[in-house]
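As a plain string of letters, each chain reads:
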Amino acid sequence: MAGESTDLAKIGATTGGPVASFAFADSKTASISVVTDFDRVTTQNVVALWEGSDPVLKNEMVAVGAHYDHVGTNPNAPGEDKIWNGADDDGSGTVAVLSIAEALAKAKVRPKRSILFVWHAGEEKGLVGADYFNKFPTVNIKNVITQLNIDMIGRSKKEGDTNPKNKDLSGENAIYVIGSEMMSSTLGAITKGTNDAFLKMNYDYRYDDPKDTNRFFFRSDHFHYAQNGIPIVFWFDGVHEDYHQPTDHPDKIDYQKMEKVARTIFLTMWELSDLKERPKIDKQLPPELTQR
Ligand SMILES: [Zn+2]
């Protein structure tokens, strides 16, 4: 899950000079300069394709993705720990996608459509990996029938936790689901139906709202697939005290919850893969969601 980008940082990065000046009523002025260091680094998405069993349908794909980058290191962080590990954001999604791939490889049968795995790079730098993949896909992207995005599924709010920063963290048996009904009623019904028929987690749709003030829809990789006309589903556990902190550590992960979410997504993926017809796009993405 990416933070919201600040325009100030963008302007500073472009100009390298004063980014703002203010005039006060008594005619004194102040200016602010931002000194920026530029570093060009290269990175890559990791892409894998598991071929489907149906001679025709295998040309279509269900995409499953997560982002494997995090926010790096912070030499100025207080305390000893300068490494921002990102166990939940998005180690949890990265591992979930790996386990889905492993389960698929061990299954005795293959789903009808192919499964496209993309571990995105640079999500925290502005969803750049997902943006790049949608602009320069290594497959025929129009044949991707849906994208399932897993970004932060490993944390849960414990009973008695009164930390205000964990106020909106989902519980052990709950997860936020975003976007599943925004473009396709069929995708919405399959997403809900698979969960209802299997582990019956509490799917919380409160952020599945074009007017969501947190703007979560804009803040993870699925965004670029949706802009590309591909219906998406996004699973997310909610922000918490360790979100974008050096303390996002693996010992804080609720592995049982992670497993439950991953297994549910695996079955959702399989249901979608075996559909006779790809999920019909019967709704336009709300206009609020087309501009980042
Ligand atoms: Zn993040």
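That block above? That's the structure.
Residues numbered from 1 in each chain as written. Predicted model: local features only at pLDDT ≥ 70, side-chain atom pairs only at ≥ 80, totals over all residues. Heavy atoms only, no water.

Undergrad: Lay out the overall build of the protein in plain terms, naming residues and giving numbers.
TA: The helix and strand inventory of the protein stands at six helices and nine strands. What you see for the protein is a C-alpha radius of gyration of 20 Å, in line with the 19 Å of a compact globule of 292 residues. For the C-alpha atoms alone, the extent of the protein along its principal axes is close to 75 × 45 × 35 Å. For the protein, the proportion of its 292 residues judged to be buried stands at 46%. A separation of at least 24 residues holds for 81% of the contacts in the protein among residues at least 6 apart in sequence. Carbon and sulfur atoms make up 54% of the accessible area of the protein, which amounts to about 15,000 Å² in all. Positive and negative charge centroids in the protein, built from 33 and 42 side chains respectively, lie 4 Å apart. (Helix = DSSP H or I, 4+ residues; strand = E, 2+ residues; numbered from the N terminus. Rg over C-alpha atoms; globule rule 2.2 N^0.38 Å. Buried < 20%, exposed > 50% of the residue type's maximum accessible area, 1.4 Å probe, protein only. Contact = heavy atoms within 4.5 Å. Areas by Shrake-Rupley, 256 points an atom, 1.4 Å probe, with all protein chains shown as cover. Lys, Arg positive; Asp, Glu negative; His and termini not counted. Charge placed at Lys NZ, Arg CZ, Asp CG, Glu CD.)

Undergrad: So what's going on with the coordination of the zinc ion? Residues and values would help.
TA: Those protein atoms acting as donors to the zinc ion are Met1 (O), Asp89 (OD), Glu124 (OE), Glu124 (OE) and His244 (NE2), and they sit at 1.8 to 2.6 Å. The sequence pattern describing where the donors of the zinc ion fall on their chain is M-x87-D-x34-E-x119-H. Placement of Asp89 in helix 2 (residues 87–106) and of His244 in the loop between strand 9 (232–236) and helix 6 (255–273) is noted, with a sequence separation of 155 residues between them. Among the residues examined, Asp89 registers a relative accessible area of 0% and is labelled buried. (Donors = N, O, S within 2.8 Å, 3.2 Å for Na, K, Ca; no water.)

Undergrad: Lay out the sheet that holds strand 8 (residues 202–204) with the relevant residues and their values.
TA: Strand order in this open sheet of seven strands is 3-5-4-6-9-7-8, and the pairing throughout is mixed. Each having just a single partner strand, strand 3 (46–50) and strand 8 make up the two edges of the open sheet. Put simply, the sheet's adjacent strands are angled 20° from each other on average, direction ignored. In the packing of helix 2 onto the sheet, contacts are made with strand 3, strand 4 (61–67), strand 5 (114–120) and strand 6 (144–150), and the angle to strand 4 comes to roughly 145°. (Pairing = 2+ DSSP bridges. Axes fitted to C-alpha atoms, helices over the stretch in contact; angles between N-to-C directions.)

Undergrad: Provide a residue-level description of the pattern of salt bridges, including the pertinent values.
TA: For the structure shown, the criterion picks out 14 salt bridges. The closest approach of N and O atoms between Asp168 and Lys167, which form a salt bridge, is 3.2 Å. According to the relative accessible area criterion, Asp168 is partly exposed, its value standing at 24%. The exposed category is assigned to Lys167, whose relative accessible area is 54%. The partner of Asp242 in a salt bridge is Lys252, and the shortest N-O contact between them spans 3.3 Å. Here Asp242 is found in the loop between strand 9 and helix 6, whereas its partner Lys252 is found in the loop between strand 9 and helix 6, with 10 residues between them in sequence. On the accessibility criterion, Asp242 (3% relative accessible area) is buried. (Salt bridge = Lys/Arg side-chain N within 4 Å of Asp/Glu carboxyl O.)

Undergrad: Go over unusual backbone geometry, please, and point to the residues and values.
TA: Put simply, Asp89 and Asp90 share a cis peptide bond, and its omega is 0°. Tracing the sequence through the fold places Asp90 in helix 2. In this model, Lys200 sits at a positive phi of 50°, which is unusual for a non-glycine residue. Here Lys200 is to be found in the loop between helix 4 (185–197) and strand 8. When its relative accessible area of 51% is taken as the criterion, Lys200 is described as exposed. Positive phi, normally seen in glycine, also occurs at His244, with a value near 55°. The class for His244 is buried, based on a relative accessible area of 15%.

Undergrad: Outline the nonpolar core, supporting the account with residue identities and numerical values.
TA: If you look at the biggest cluster of nonpolar residues, it comprises 33 residues, and the most contacted ones within it are Val64, Leu148, Trp235 and Met269. Secondary structure elements with two or more residues in this core: strand 4, helix 2, strand 5, strand 6, strand 7 (174–178), helix 4, strand 9 and helix 6. The element contributing the most residues to this core is helix 6, with eight residues. If you look at the next biggest cluster of nonpolar residues, it comprises 31 residues, including Ala63, Leu116, Phe216 and Leu289. (Core = buried A, V, L, I, M, F, W, Y, C linked by side-chain atoms within 4.5 Å.)

Undergrad: Give a description of the environment of Thr29 that names residues and reports values.
TA: Examined against the element boundaries, Thr29 turns out to sit in strand 2 (residues 29–33). Along the primary structure Thr29 and Asp248 are separated by 219 residues, whereas in three dimensions their C-alpha atoms are 42 Å apart.

Undergrad: Please provide a residue-by-residue account of helix 2, values included.
TA: The α-helix winds at 3.6 residues per turn, so residues separated by three or four positions along the chain end up facing the same way. Burial in helix 2 covers these residues: Ala87, Asp88, Asp89, Asp90, Ser92, Gly93, Thr94, Ala96, Val97, Ile100 and Leu104. In this structure, the buried side of helix 2 is in contact with strand 3, strand 4, strand 5, strand 6 and helix 6.

Keep in mind these values describe shape, not function.
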